[in-house]
Amino acid sequence: LILGPNGSGKELVARQLHERSNRSSGPFVEVNCAAIPGELIESELFGHEKGAFTSAIKQKPGKFELADGGTLFLDEIGDMPLALQTRLLRVLAEGEFYRVGGRALIKVDVRVIAATHQPLEELVHSKRFRADLLHRLNVLRIRLPALRERKQDISLLAEHFCLQATHQLQVQPKVVSKELKMAMSAYDWPGNVRELENACWRMASSTSHQQLEISDWQEQQAVALTGSATWQE
């Protein structure tokens, strides 16, 4: 169970857990529980049989089947509907399920990694998350701190993202000045690592000079707020 604020890198940690495990040769399948409508998420996870509902024109395997032998990453687990939490609990306990509209019991061998930015204990208290599901998921808990709690990482991350951006954009490598590193380290980064990465990409793509300064960062922050930028050859 990975807990951390939005943009802190929960998916990256989940992928690393998979790639460094003895399941690395198996599939890594991701489901964003907040991005799928509640009426569709059951079919998304468990699959469905042909004719199970109006739009089910053919049989479809679910994410649990697709992740057999590997890892299923349930992102934003705190947004999963209560009714589906009950069914998920059984799958985690027994390793078996039925497709929607199906009668054949399907067994899978899947490692489940769940993540959320929400305080699950508070959701349990307000009866929006099942206590028994939390206990089932909470075998190993990993907490990702906000970027403001690990300011020593900001300079290294900024250098990495700028190098990554210039490489992919095929432009001249950029150097982050000492002053800019200090300014970025003093900032709280409410959007966490994702916000820092986006800032570095904007600076790499919108500047023609090699050394990035505080003024470049201030300009890209204005771009992020207004949505307008000055094109530079």
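Because the structure is a prediction, the values reported are computed rather than measured.

Next up on the list: the pattern of salt bridges. One pass over the full model with this rule turns up 15 salt bridges. Across the salt bridge formed by Asp109 and Arg23, the nearest N and O atoms sit 2.8 Å from each other. Of the two residues, Asp109 is situated in the loop between strand E5 (105–107) and strand E6 (111–116) and Arg23 in the loop between helix H1 (10–19) and strand E2 (28–32); the sequence distance between them amounts to 86 residues. Among the residues examined, Arg23 registers a relative accessible area of 15% and is labelled buried.

It is worth spelling out H1 at this point. Lys10, Ala14 and His18 are the residues of H1 that are buried. The buried side chains of H1 occupy one side of the element, clustering within an arc of 75° when seen end-on. Elements in contact with the buried residues of H1: strand E1 (2–3), E2, strand E3 (71–75) and E6.

With that out of the way, let us pick up unusual backbone geometry. Positive phi is not limited to glycine here, since Glu76 has a value of about 55°. Although it is not a glycine, Asn192 adopts a positive phi angle of roughly 60°.

Another point: the packing of aromatic side chains. Applying the stated rule across the entire model yields seven aromatic pairs. Centre to centre, the rings of Phe46 and Phe64 are 5.5 Å apart; their planes meet at 5°, and the pair counts as stacked. Pair noted here: Phe46 is in helix H2 (residues 38–46) and Phe64 is in helix H3 (residues 63–66), with a separation of 18 residues, a long-range link. Just as Phe46 is buried, Phe64 falls in that class too. On the numbers, 5.5 Å between centres and 45° between planes, the contact of Phe46 with Phe97 is tilted.

Rules used throughout
Residues numbered from 1 in each chain as written. Predicted model: local features only at pLDDT ≥ 70, side-chain atom pairs only at ≥ 80, totals over all residues. Heavy atoms only, no water. Salt bridge = Lys/Arg side-chain N within 4 Å of Asp/Glu carboxyl O. Helix = DSSP H or I, 4+ residues; strand = E, 2+ residues; numbered from the N terminus. Buried < 20%, exposed > 50% of the residue type's maximum accessible area, 1.4 Å probe, protein only. Arc of directions from axis to C-beta. Contact = heavy atoms within 4.5 Å. Phe/Tyr/Trp six-rings, centres within 6.5 Å; stacked < 30°, edge-to-face > 60°.

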